[in-house]
Amino acid sequence: MFLKHAPTGDLVEVIDLPDVINPNSPTIRARSHAGDIIQRPENFLKTELVFPSGEMLPLCWRDAHFYEQEHAA
């Protein structure tokens, strides 16, 4: 799965896919695809990642308390 690092505009290849949908994980292990050299994996904040189209990741993937807030309304 590829996501875009919003501050740089670079695509990143997700290594640990379960972290993407785990709302308790604030970071995602991924490898940047900037330039010709394969980059080493690093942690990216979910708040700085978007889909390649520019759409934000779903709130239920980023906020562990999302469901509590939805049921309180």
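Everything numeric here is computed off the predicted structure, so don't read it as measured data.

K.L.:
Quick question: what am I supposed to make of the sheet that holds strand E3 (residues 27–32) here?
P.N.:
Hydrogen bonds between backbone groups are what pair the strands of a sheet, and the pairing can be parallel or antiparallel. Spatially, five strands are ordered E4-E3-E2-E1-E5 in an open sheet, and the strand pairing comes out antiparallel. In this open sheet, the two strands that pair with only one neighbour each are strand E4 (42–45) and strand E5 (49–50). Bridge count for strand E1 (residues 2–5) against strand E2 (residues 10–14) is four bridges, and the pairing is antiparallel. Across the sheet, residue His5 finds its bridge partner in E2, namely Asp10.

K.L.:
Please clarify how the side chain of Ser32 should be interpreted in this entry.
P.N.:
Mapped onto the fold, Ser32 is located in strand E3. Apart from the residues lying within four places of it in its own chain, the contact partners of Ser32 are Asp10, Leu11, Val12, Gln39 and Phe44.

K.L.:
For this particular structure, what's the right way to read the environment of Ser53?
P.N.:
By the element assignment, Ser53 lies in the loop between E5 and helix H2 (59–62). Classification of Ser53 by relative accessible area gives exposed; the value is 64%. Of the polar contacts made by the side chain of Ser53, one reaches the backbone nitrogen of Glu55; its length is 3.5 Å.

K.L.:
How should the side chain of Ser25 be read in this particular structure?
P.N.:
Relative to the assigned elements, Ser25 resides in the loop between helix H1 (17–21) and E3. There is a polar contact of 2.8 Å between the side chain of Ser25 and the backbone oxygen of Thr27. Non-local contacts of Ser25, meaning those with residues more than four positions away in its chain, are made with Asp19 and Lys46.

Quick notes on the rules
Residues numbered from 1 in each chain as written. Predicted model: local features only at pLDDT ≥ 70, side-chain atom pairs only at ≥ 80, totals over all residues. Heavy atoms only, no water. Pairing = 2+ DSSP bridges. Helix = DSSP H or I, 4+ residues; strand = E, 2+ residues; numbered from the N terminus. Contact = heavy atoms within 4.5 Å. Buried < 20%, exposed > 50% of the residue type's maximum accessible area, 1.4 Å probe, protein only. Polar contact = N/O pair within 3.5 Å; in protein donor to acceptor, adjacent residues only side chain to side chain.

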